[in-house]
Amino acid sequence: MTDLLQLVVDGLIDGGAYALIGLGLSLTFGSLRRLNLAYGATAMLAAYLGAWLYATQQAPAWLVAVTVIVAATLIGWYVERLCFACTTQDATQARGAPVAGADGREVVALASSFAIWMQLEQLAVNLLPRHLNAFPSLAVSQDWQLGELMVRPDRMGLAVMAAALTLGLAAWLERSRIGLSWRASADHRIAAHLVGMPVERLQTVGFAAACALSGLAAFSILSLDGQVTPMFGMWALLKGLVAAMLGGLGSVRGVLWGGLLLGLVESLAQASFGAQGREFASYALLFVVLVAPWRRSRERFLATAVPG
Amino acid sequence: MLEIQELATAYGKIEALKGVSLSAKAGQVTCLLGPNGAGKSTLMLTLAGILKPQRGSVKFEGEELVGRAPAQIVARGLALVPENRLVFPALTVRENLMAGAYKRRDMAGIRSDIDAMFVRFPRLKERIEQLAGTLSGGEQQMLAVARALMSRPRLLLMDEPSVGLAPMVVAEIFSIIRQLHQEGVSLFIVEQNAHMALKVAQHFYLMEQGRVSFSGSPGQMADDDLIQRAYLGQQRPQTVES
């Protein structure tokens, strides 16, 4: 029983990290209805810049953190300009009720963000060619003993931060004027223009903010390992994507539940079937959620929700 | 109040507006009639700043609107109730109204205006926390009107407010139009329902194939002929072949 409880706690704590990495991805999808495949690579290149600063300049951890977040924001802005700004609905060509992706521009955005992914990853590997690179460590080696349970306080802190950030952001988006305009622009671009919202600016800023979050997530997660490898970009994209999709792509609160669920399932699967079972379980879970019957009612709602 | 001169808008190479000139007077209901594809909605989207015209001018209270962003146009007192309503489907009724007041900063005024909207549209009050996408077509149309009114426009543009609605709802929409007119709001309405439109308008224009082909007051032209042209366009000379 204690073992099971320990697995659940470990899983939920891992899930916090997944939620954190998925948050930016879900935000991007929520505002643009576009999948940013360069998301993981953005976080990775930013992390590599931080690692480079750490290795060559002996930069302190806080400076590395600032560097990673700022770099992720700037790289995100570059990705947005290159892949997304020109492929989102152009106001001057919109007619009637535009439905996102009706004209194939989303595929262009997807393909070009894949190309940028490769470009950013190559840049990172050229910057630090070794497979394993040092990253400032904030790991705490002493475990907390809570009754029968063992909890790593640093990982616990990360999970709590992820939960607070996700729920706080969701509440802010629901209550603030900026949040309303951001959701409105995502919901219907033309209508948002008509009520006087600066749609393009909102989306650029939203995209950059999502990438800043990816930088924060990258620093937080990597600082627990004290190292970074070229696999980080792929890892961040996959885990973030699964967490975001489990919670419903575009839903800010959903990504927290999605991340926690993913962590939980992975933890239990690893205990039962080993490391390979862990990977298998997460994709099986994604598959089940994607084809599950309750999706139908959501699609029906979406069909009636989009006018025209 | 609104002066449109030689306005031309194209989609790529297809010119939808081929030099339109018309005007709307303050305090009046002006109606633009015309068949499908005449360019009526193109005109409305151009006025709102969503489409950019190739040439021509739009003066609102003496100020040029061509080249301005939609946000600036709303801020100057022009609001569009678009064709197909275009409410925010995933936002609640209340949030839709808040979004309509985006350019305003007076929270107290916004709140009292929302209350005023619920007096005007009691059906919306019942659905205040409901997502706009789940409303019926008529309710969405009321919400679209209310959202546009939230910006406190001096001129309200309405693009086909009756399209796709049941006759009773259409009557309701037109009674709201009459009410707004009595309250002193200037309206510029695009309609296919010429029969209803001619009852509320003081002045009307007929638009065919990207041009204004007729203008006058209701009753000036035989209504039957006008209604036929509004629905079907100008009759071609009859050619009888075998």
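First things first, this report covers the structure right here in the doc. (Residues numbered from 1 in each chain as written. Chains lettered and ligands numbered in written order. Predicted model: local features only at pLDDT ≥ 70, side-chain atom pairs only at ≥ 80, totals over all residues.)

## Description of helix α6 (residues 177-187) of chain A
Okay, step 1: Across the eleven residues of α6 of chain A, eight count as buried, placing the element largely inside the fold.
Okay, step 2: Those residues of α6 of chain A that fall on the buried side of the exposure criterion are Leu-180, Ser-181, Trp-182, Arg-183, Ala-184, Ser-185, Ala-186 and Asp-187 of chain A.
Okay, step 3: Buried residues along α6 of chain A sit against α1 (2-32), α5 (153-175), α7 (189-194) and α8 (199-225) of chain A together with α3 (93-100) of chain B. (Buried ≥ 20, exposed ≤ 12 C-beta atoms within 10 Å, placed from the backbone. Helix = DSSP H or I, 4+ residues; strand = E, 2+ residues; numbered from the N terminus. Contact = placed C-beta atoms within 7 Å.)

## Structural notes on the interface of chain B and chain A
Okay, step 1: Across the contact, 28 residues belong to chain B and 24 residues belong to chain A.
Okay, step 2: Those elements that place two or more of their residues in the side of chain B that touches chain A are α2 (70-75) and α3 of chain B.
Okay, step 3: Its residues placed into classes, the side of chain B that touches chain A shows 18 nonpolar, four polar and six charged. (Nonpolar A, V, L, I, M, F, W, Y, C, P; charged D, E, K, R; others polar.)

## Let's talk about the sheet that holds strand β4 (residues 55-60) of chain B
Strand pairing in a sheet relies on backbone hydrogen bonds, with the paired strands running either antiparallel or parallel.
Residue and element names in this part refer to chain B.
Okay, step 1: The four strands lie next to each other as β2-β1-β4-β5, forming an open sheet whose pairing is antiparallel. Each of the sheet's edge strands pairs with one partner strand only, and the pair in question is β2 (14-24) and β5 (63-64).
Okay, step 2: When strand β1 (residues 2-11) meets β4, the two strands line up antiparallel, connected through five bridges. The residue of β4 that forms the bridge with Ile-4 is Val-58. (Pairing = 2+ DSSP bridges.)

## Things to note about the nonpolar core
Okay, step 1: Within the largest apolar cluster, 82 residues are counted, with the highest numbers of intra-cluster contacts made by Ala-48, Leu-143, Ala-146, Leu-157 and Ile-189 of chain B.
Okay, step 2: The dominant element in this core, judged by the number of residues it contributes, is helix α6 (residues 137-149) of chain B, at seven residues.
Okay, step 3: Those residues in contact with Ala-48 of chain B, other than ones at most four positions away along the chain, are Leu-194 of chain A together with Pro-70, Ile-73, Leu-80 and Leu-157 of chain B.
Okay, step 4: Ala-19, Leu-128, Cys-211 and Leu-237 of chain A belong to the second-largest nonpolar core, a separate cluster that totals 76 residues. (Core = buried A, V, L, I, M, F, W, Y, C linked by C-beta atoms within 7 Å.)

## Re the pairing of strand β3 (residues 29-33) of chain B
Residue and element names in this part refer to chain B.
Okay, step 1: A large share of β3 lies buried, amounting to five of its five residues.
Okay, step 2: Across the two faces of β3 the burial is the same, with Val-29, Cys-31 and Leu-33 and Thr-30 and Leu-32 all buried.
Okay, step 3: Bridge count for β3 against strand β8 (residues 186-191) is five bridges, and the pairing is parallel. In the strand pairing of β8, Leu-33 is matched with Glu-191.

## Regarding the packing of helix α2 (residues 39-57) of chain A against helix α4 (residues 105-127) of chain A
Residue and element names in this part refer to chain A.
Okay, step 1: α4 packs onto α2 with a crossing angle of 15° between their chain directions and a minimal axis gap of 9 Å. One finds that α2 runs roughly parallel with respect to α4. For α2 against α4, the interelement crossing comes out left-handed. Between α2 and α4, the residues in contact are Ala-41, Thr-42, Met-44, Leu-45, Tyr-48 and Trp-52 and Trp-117, Leu-120, Glu-121, Leu-123, Ala-124 and Leu-127, respectively.
Okay, step 2: Its residues assigned to classes, the contact of α2 with α4 comprises ten nonpolar, one polar and one charged. (Axes fitted to C-alpha atoms, helices over the stretch in contact; angles between N-to-C directions. Parallel < 35°, antiparallel > 145°, perpendicular 65-115°, else oblique. Left-handed = near helix turned anticlockwise from the far one by under 90°.)

## Description of unusual backbone geometry
Phi is mostly negative for residues that are not glycine, and the peptide bonds are mostly trans.
Okay, step 1: With phi around 50°, Gln-58 of chain A is a residue other than glycine that occupies positive phi space.
Okay, step 2: Looking at where Gln-58 of chain A falls in the secondary structure, it is placed in the loop between α2 and α3 (61-84).
Okay, step 3: Positive phi outside glycine occurs at Asn-84 of chain B, with the angle close to 65°.
Okay, step 4: On the secondary structure map, Asn-84 of chain B appears in the loop between β6 (78-81) and α3.

## Some thoughts on the packing of α6 of chain A against α8 of chain A
All names here are of chain A.
Okay, step 1: One can describe the packing of α6 onto α8 by two numbers: an axis separation of 10 Å at closest approach and a directional angle of 105°. Relative to α8, the element α6 lies roughly perpendicular. Of the residues in α8, those in contact with Ser-181, Trp-182 and Ser-185 of α6 are Val-199, Leu-202, Gln-203 and Gly-206.
Okay, step 2: Class assignment for the residues of the contact of α6 with α8 results in three nonpolar, four polar and no charged.

Remember, this is a structural readout, not a statement about activity or role.
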